[in-house]
Every structure is written in C-alpha cells, then in structure tokens.
Amino acid sequence: MKVVIVGCGQRGFGYAKYLHRAQTRFRMLSAWNLAGVCDPVVENTQRVQAWWKEHTQQDLEAWRNPVDIAGVAAEPQALWLVCTPDETHFELARLALKRRLRHVVLEKPVVTQPEQWAALCRWNTRARPTVFHVPYVLRFVPVFQAARLRVGELGHLRTAELELGLTPEHTASFLRRVWHEPLDCLTRFVSTKLCHDLDLLMWVTGRSRVRVLGASYVPWAVRHLAPFERGCLLCPASRCAFRGSGRYFVKPRYECVLGQDFFETVRVDLTLEGAENAPNTPPLRVTLRVQGHAARSNRELVILGTRGRLRCVMDECLLERQDEEGRMLDTSRHEPRDRTGHQFGDVMFLQAVTESVQGDRNQGIGLEHLSEQLRAARDIQRLLRRSQKE
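The structure displayed is predicted, hence computed values, not measured ones. (Residues numbered from 1 in each chain as written. Predicted model: local features only at pLDDT ≥ 70, side-chain atom pairs only at ≥ 80, totals over all residues. Heavy atoms only, no water.)

What am I meant to see in the overall build of the chain here?
If you tally the helices and strands in the chain, you get 9 helices and 16 strands. For the chain, with 390 residues in total, the buried portion stands at 57%. A separation threshold of at least 6 residues defines the contact pool for the chain, and within that pool the share at least 24 residues apart is 73%. Of the roughly 17,800 Å² that the chain leaves accessible, carbon and sulfur atoms contribute 48%. (Helix = DSSP H or I, 4+ residues; strand = E, 2+ residues; numbered from the N terminus. Buried < 20%, exposed > 50% of the residue type's maximum accessible area, 1.4 Å probe, protein only. Contact = heavy atoms within 4.5 Å. Areas by Shrake-Rupley, 256 points an atom, 1.4 Å probe, with all protein chains shown as cover.)

What is the right way to read the layout of surface pockets from this model?
If a probe the size of a water molecule is rolled over the atoms, the empty space left behind becomes visible. Looking at the second largest pocket, its volume works out to about 260 Å³. Forming the boundary of the second largest pocket are 16 residues, of which Val151, Thr205, Gly206, Arg207 and Ala275 lie nearest the centre. Looking at the lining of the second largest pocket, the element that brings in the most residues is helix 7 (residues 184-205), giving 3 residues. Looking at the lining of the second largest pocket residue by residue, the classes come out as 6 nonpolar, 7 polar and 3 charged. (1 Å grid on protein atoms, 1.4 Å probe; cavity = no way out; pocket = protein on both sides within 12 Å on 5 of 7 lines; lining within 4 Å. Points joined across faces, edges and corners; volume = space filled by probe spheres on them. Nonpolar A, V, L, I, M, F, W, Y, C, P; charged D, E, K, R; others polar.)

How do you make sense of the sheet that holds strand 2 (residues 33-38) when you look at a structure like this?
For sheets, the rule is that strands pair by backbone hydrogen bonds, running either parallel or antiparallel. Taken together, the 6 strands give an open sheet; going across it, the order is 3-2-1-4-5-6, and neighbouring strands pair in parallel fashion. The open sheet has two edge strands, strand 3 (61-63) and strand 6 (131-133), and neither has a second partner. The mean angle between the axes of side-by-side strands here comes to 25 degrees, regardless of whether they run parallel or antiparallel. Against the sheet, helix 2 (residues 42-56) engages strand 2 and strand 3, with an angle of about 155 degrees to strand 2. (Pairing = 2+ DSSP bridges. Axes fitted to C-alpha atoms, helices over the stretch in contact; angles between N-to-C directions.)

I keep staring at the pattern of salt bridges and nothing clicks. Help me out?
Pairing between side chains of opposite charge can happen when the charged atoms of each approach one another. Taken as a whole and assessed by the stated rule, the structure comprises 25 salt bridges. One salt bridge in this structure joins Glu372 and Arg375, with 2.8 Å as the shortest N-O distance. Of this pair, Glu372 and Arg375 both sit in helix 9 (residues 370-389), 3 residues apart, which is roughly one turn of the helix. When salt bridges that share partners are traced, they join Arg11, Glu107, Lys108 and Asp346 into one network. (Salt bridge = Lys/Arg side-chain N within 4 Å of Asp/Glu carboxyl O.)

Is there a simple way to explain the pairing of strand 4 (residues 79-82) in this structure?
The two faces of the sheet receive side chains in turn, since in a regular strand these alternate between them. Residues of strand 4 alternate between two faces, with Leu79 and Leu81 on one and Trp80 and Val82 on the opposite face, all of them buried. Where strand 1 (residues 2-6) and strand 4 come together, 4 bridges link them in parallel fashion. Counterpart to Val3 in the pairing with strand 4 is Leu79. As defined by bridge partners, strand 4 adjoins strand 5 (residues 103-106) across 4 bridges and the pair is classed as parallel. Within strand 5, the residue paired with Leu81 across the bridge is Val105. Of the crossover connections in this fold, the one passing from strand 4 over helix 3 (residues 89-98) to the parallel strand 5 is right-handed. (Right-handed = clockwise from strand over helix to strand, strands pointing away.)

What exactly am I supposed to notice about the environment of Thr159 here?
In this structure, Thr159 sits in strand 7 (residues 157-165). Look at Thr159 and you get partly exposed, because its relative accessible area is 33%. Sequence separation between Thr159 and Ile303 is 144 residues; the distance between their C-alpha atoms is 6.1 Å.

Would you mind showing me how to read the nonpolar core here?
Generally speaking, a soluble globular protein has its nonpolar side chains buried in company with each other. With 45 residues, the main nonpolar core has Phe144, Leu194, Val268, Leu272, Leu301, Ile303 and Ile380 as its most contacted residues. Beyond its immediate sequence surroundings of up to four residues, Phe144 is in contact with Leu138, Leu200, Trp203, Val204, Arg299, Leu301, Cys312 and Met314. Membership of the second largest hydrophobic core comes to 33 residues, among which are Met28, Trp52, Val137 and Phe140. (Core = buried A, V, L, I, M, F, W, Y, C linked by side-chain atoms within 4.5 Å.)

See the structure below:
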C-alpha cells in the first residue's frame, strides 16, 4: 500500500515516526510503504527525507504541490495522509475526489465549516467513493475504550465533566501562523482541539447530537514585546516553560506567543442527546474545561449516572468505578504497550485505517457525527467571540 504524507510539519513528521515505530517495535502496518512526501517548504520535506533515510535506508520522493504528485502515489489505491493547515483541507479533499483516491486520512478538523462537509458528501457519490478517515485517536486509548465498555453500568447518565490540561508548549502550537488577529488562535483551538474532545464525549457516552449552551474564556494576562536578540530574558512571565530559550519569538514582530490575547481557561457547557437505541433518553449535561497553561498535558473524564460514577485519567491510565454513595468499587489501569496513551492511539488509528483499506470498506473512521461536531464548533467560536467583546 503506497502512502504519501501531504504536509510535513509537526504532525506530518510525526506520522513518519509513528509508521516506523509501528513497523519496528510493534510489527504492525507491514503493508504500508511510504512512497513520498509533499510540502511547499523544501526544508520540511528534506527533514522527513533525511530522517527516513537514516532509519530505513530508503529514499523518498518529494513534491512541492499536491497537484504535482504523480506515479504510483497518485493512483486511486494510494493512501494520502493530509496534515496541512486547517483552511487547506477542503480543497485537498476536492482534489482527492477528482483523482478518485479510495482512502484519505484528513487531519482534524476535516473541514472548517459544516457546509463544506455537506458539499463533499454531495460530490462523493460514486459506487466506490473516496473514504475519508479522521484521526480521532483518543478512541484508541485503552483507558477510554474501557470507559466506553463500562458506561452502561451507570444506569441513566446525568452529567459528565471533561477537564483538559495543556502545557505552554502545546498551547503555543495554536498561535503559530495566526499573528494577524489574536482571537484566531481561539478559532484554531476550537476547530483543532475541542472537536477531538467532542468526539470523545459522544463516542464514550453513545450520544449522536450535541447542543451548545454556553462558552466563555479567561484571557491570559501577560502581554509584552521584546527584541528577538534578547530572547526571553525580558519576559515577565515567570511561569513560562521556555524562559531563556527564545524559541517562541517570531520575526518580524518579535512578540512572544504568551503575550497574545490567548486564554488561561476555557469553559464550554453543552448537552448530548440521541442515545443509541434509546432516542427518548433525557439529555446528558456536559461541562468541558480547558486549562491553557497546565503543568502537564492530561485529560480527566468523570461521568455520573443513577448507579454511580466513572472516573478515567488518561495520563495515569486510571479507571475508577464508584457506587451512588461514593464508595470505591474497583480501580483498574489500562496501559498501552508503549506507555504513551496518545501516541499509542495514533498507531492504533493507523492500524484501523489499514484494516479499512484491506477490507475495502466504504465507512470512514470518525465520521459518524462529524456534521454535529462541526456545527457545535462554529457555535462555540461564536460564543467565545461574543465573550471577548463583552
């Protein structure tokens, strides 16, 4: 199976590493054959080519533009991994339809607007359609898989809370390339990050519809400018993990990303409806909290039902079950094989894509409630912008 990585930034380079790790450490994805890479920035493709050559002794072909991809990499049976900026996904999906590619992995979000996804679905009506896959890799983290299997023990679900902690390094990844408008970083954050958590909530609880009730954020208070030549030495943010490194200063404005009008915390209130096989089930009230400058990246999900409570902590691979009185019933740990939950989820997602390709399936991964998630993301963005104006 010929594979092409389109977009060789952090995520695209990561896919090359995941593929190599899966083949060498886990003896998985043996059918995958990385044929080439595509990125408009030559340095990006050269970095992936050099790393792949060093670790596999194989040469990769490189292209500057997806339109120029040719040979076996452009044949319908080739698999494209699209890891380009969000706003380019729609046109690349159209290109995939035009070339009649059979399987395409589109990094989340697949598109930025619900109308774009509706248009792709209208155009994708061949007998053997193009199958899109969304890397909602949290579905493949063992502790969340265990939670999904046990959520039925809770009876009727009442409330759920999901807390997400982001380190400064992770937070800063949403601010790169968005210097022209501070709130664009929030838009990028909602589209790229919160869609992942919305999918996790809907998947674990078995809900098919989402309604946004409210969204607000507390801005990050630090705002400053400093000359690039002096680096972070002038930075007053004592909690910055990169103090003294200068790694997040961007020319020509020389403004630290932590000086942008980003967030300290974000809170989203919503309801999940349409339980599987039980359409009249009462709505599930959900609170989603995000800490923008946490000491470590982590997710903690707590679900409360009429028969007790489930608590799962991704960073600790921990699943706790309590009864309705709060007494601990059991505790279990669900560690992935390489002890890195999120990255192991990436590898297992790629394995699921392999099974879909080899089984010639027409149903993509992560598409069940995509329209609902895109609409909810737009509602959250609108409410956050209103909160900022107020």
